[in-house]
Amino acid sequence: MATSIARSLGSVLRFSSRTLSANAAKSAAAEIDAHAMELYRSHQESFYNFPLNKIEFHVATNDLTKKSEPKLVVDGKELNGLAHLSPVAVTRFAFFSETGTLGRQLPVNGALVELTDLSKATLEVTLGADPLACQEKENTVMLEYAEWLRGLGNKLAAHLAANISAYPQVTKQMASLRGLAPDVQLRFLEGTIRSPARILAPKADAAASTVERNPQIVSYKARIYRAIGDKDKSKEVKIRCSSDETMKAQGFQRLHVPLFDSTGKEIPVPDSRVFSGDVITIRSVLRPMVVEIAGNSFQAIKADLRSVVLLRPRERRALGMVSPFTTD
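All of these numbers come straight from a predicted model, not from anything done at the bench.

1. What about the overall build of the protein?
Right, on to step 1. The helix and strand tally for the protein stands at seven helices and 16 strands.
Right, on to step 2. Long-range contacts, defined as pairs at least 24 residues apart, comprise 69% of the intrachain contacts of the protein with a sequence gap of at least 6.
Right, on to step 3. Of the roughly 17,700 Å² that the protein leaves accessible, carbon and sulfur atoms contribute 52%.

Structure (structure tokens):
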């Protein structure tokens, strides 16, 4: 589990909690980050333990829809999803709080509309390759991780190309490419796979003096609530905050994504916040998806957020900063 990294930091983290001078605090931060990254490299759920040559996809049948779907196979074992840890990294963006993206402006039919329905809100965290305190330039492990995720997407594309007859929706999408060389069709499919790893386009109005940041990012998402089904009505719905009380009355229960502090202790939901600049590691589950939406084929590697460990919070510029929507 991700919390084992936090618990293993031990004396390093206790040392960092003392009152330190600016230079000593910087040194302590570098020590924390370096030790956390060392622990990550040897962790059983590190992506290093899932080399791409041990991962493949098989054609399976969805129990509900009876349609074909890709199934992850890791080291010969079929999995419903690949649970793993992200590298220790700096948070680039975050909507992680009791209510997540509630209140966020979202694009709808070409316009920005405020999300006011908590049942549709999500938790979202995006990691960047910004340097840790122990690094001078970019976070090279994050860059390797992003490349690994893209490689996973390319393996999904190769699976679809080799088993195209099992996926009618993809066959329809590829209709215009009939007769073209197989490598051309494969490159097209690789371009259609949506990956958690992507590259941010530079802002056209960015000032010349703006510090250049590596554009590689990796994003994770999770729904906050789901409807209480018939099978759940006989079970007690756990209430973790006032929002849970309100949503329970409307027939929803929280899909809990815990946030742990640097000692491995869970932070209560009302106090759970992740900010831009925080150093964290994320446990997520990767799943391949091939679905048809509005007549169009959609294929992706999804990264479902499962838990977060806050290893080292960013130094807050103001004591009153509590908004989970900060991205600066």
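2. Section: the sheet that holds strand S2 (residues 68-74)
Strand pairs in the sheet, formed through backbone hydrogen bonds, run parallel or antiparallel to each other.
Right, on to step 1. An order of S1-S2-S3 is seen for the three strands of this open sheet, with the pairing classed as antiparallel. Strands at the two margins of the open sheet, each flanked by one partner only, are strand S1 (55-61) and strand S3 (77-79). Across the sheet, the axes of successive neighbouring strands diverge by a mean angle of 45 degrees, strand direction being ignored.
Right, on to step 2. Examined bridge by bridge, S2 and S3 share three bridges and lie antiparallel to one another. If you follow Val74 over to S3, its bridge partner there is Lys77.
Right, on to step 3. In this fold helix H4 (residues 140-162) packs onto S1 and S2, with an angle of close to 45 degrees to the strand it touches most, S1.

3. Some words on the side chain of Asn214
Right, on to step 1. Following the sequence through the fold, Asn214 ends up in the loop between strand S9 (197-199) and strand S10 (216-223).
Right, on to step 2. Under the relative-accessibility criterion, Asn214 is labelled buried at 17%.
Right, on to step 3. A polar side-chain atom of Asn214 sits 3.1 Å from a polar atom in the side chain of Glu138.
Right, on to step 4. At 2.9 Å, the side chain of Asn214 forms a polar contact with the backbone nitrogen of Gln216.
Right, on to step 5. In contact with Asn214, other than residues within four places in its own chain, are Arg92, Ala129, Glu138 and Leu143.

4. Things to note about the environment of Leu127
Right, on to step 1. Within the fold, Leu127 resides in strand S8 (residues 122-128).
Right, on to step 2. The spacing of Leu127 and Ile217 is 90 residues in sequence and 5.6 Å in space, taken between C-alpha atoms.

5. Notes on helix H7 (residues 242-249)
Right, on to step 1. Burial in H7 covers these residues: Ser243, Asp244 and Met247. Projected down its long axis, H7 shows its buried positions confined to an angular sector of 100 degrees, all on one face. Among the exposed residues of H7, those pointing more than 90 degrees away from its buried face are Ser242 and Ala249.
Right, on to step 2. Summarising the contacts, the buried residues of H7 are in contact with strand S11 (225-227) and strand S12 (252-254).
Right, on to step 3. Immediately downstream of H7, the backbone of Gly251 shows phi near 90 degrees, a positive value.

6. Thoughts on the packing of aromatic side chains
The geometry of two aromatic rings is summed up by the distance between their centres and the angle between their planes.
Right, on to step 1. Enumeration over the complete set of coordinates arrives at six aromatic pairs.
Right, on to step 2. Here Tyr40 and Phe47 contribute two aromatic rings whose centre-to-centre distance is 6.5 Å and whose plane-to-plane angle is 35 degrees, an arrangement assigned as tilted. Take Tyr40 and Phe47: they sit in the same class, and that class is buried.
Right, on to step 3. Among the aromatic side chains, those forming a connected cluster through ring pairs are Tyr40, Phe47, Tyr48, Tyr145 and Trp148.
Right, on to step 4. Above the ring of Phe95, the side-chain terminus of Arg104 is found at 4.1 Å from the ring centroid.

7. Examining unusual backbone geometry
Right, on to step 1. The backbone of Asp75 shows a phi angle near 55 degrees, a positive value even though the residue is not glycine.
Right, on to step 2. With respect to the secondary-structure elements, Asp75 resides in the loop between S2 and S3.

8. Quick word on the side chain of Gln216
Right, on to step 1. In this fold, Gln216 is placed in strand S10.
Right, on to step 2. On the accessibility criterion, Gln216 (16% relative accessible area) is buried.
Right, on to step 3. A distance of 3.1 Å separates a polar atom in the side chain of Gln216 from a polar atom in the side chain of Arg150.
Right, on to step 4. The contact partners of Gln216, leaving out residues within four places of it in the chain, are Arg92, Leu127, Gly128, Ala129, Leu143, Ala146, Arg150, Arg198 and Ile199.

9. Regarding the confidence of the model for the protein
For residues with low pLDDT, the predicted coordinates do not support detailed interpretation.
Right, on to step 1. Predicted confidence across the protein gives a mean pLDDT of 86, with 85% of residues reaching 70 or more.
Right, on to step 2. Across the protein, the secondary-structure element scoring lowest on mean pLDDT is helix H2 (residues 10-16), at 41, and the one scoring highest is S8, at 97.
Right, on to step 3. Contacts from residues 10-21, a stretch scored under 50 in pLDDT, to residues over four places away or in other chains number 14 contacts.
Right, on to step 4. In this model, residues 317-328 is a region of pLDDT below 50 whose contacts with residues beyond four sequence positions or in other chains number 25 contacts.

Criteria and thresholds
Residues numbered from 1 in each chain as written. Predicted model: local features only at pLDDT ≥ 70, side-chain atom pairs only at ≥ 80, totals over all residues. Heavy atoms only, no water. Helix = DSSP H or I, 4+ residues; strand = E, 2+ residues; numbered from the N terminus. Contact = heavy atoms within 4.5 Å. Areas by Shrake-Rupley, 256 points an atom, 1.4 Å probe, with all protein chains shown as cover. Pairing = 2+ DSSP bridges. Axes fitted to C-alpha atoms, helices over the stretch in contact; angles between N-to-C directions. Buried < 20%, exposed > 50% of the residue type's maximum accessible area, 1.4 Å probe, protein only. Polar contact = N/O pair within 3.5 Å; in protein donor to acceptor, adjacent residues only side chain to side chain. Arc of directions from axis to C-beta. Phe/Tyr/Trp six-rings, centres within 6.5 Å; stacked < 30°, edge-to-face > 60°. Lys NZ or Arg CZ within 6 Å of the ring centre and 35° of its normal. pLDDT = per-residue confidence, 0-100.

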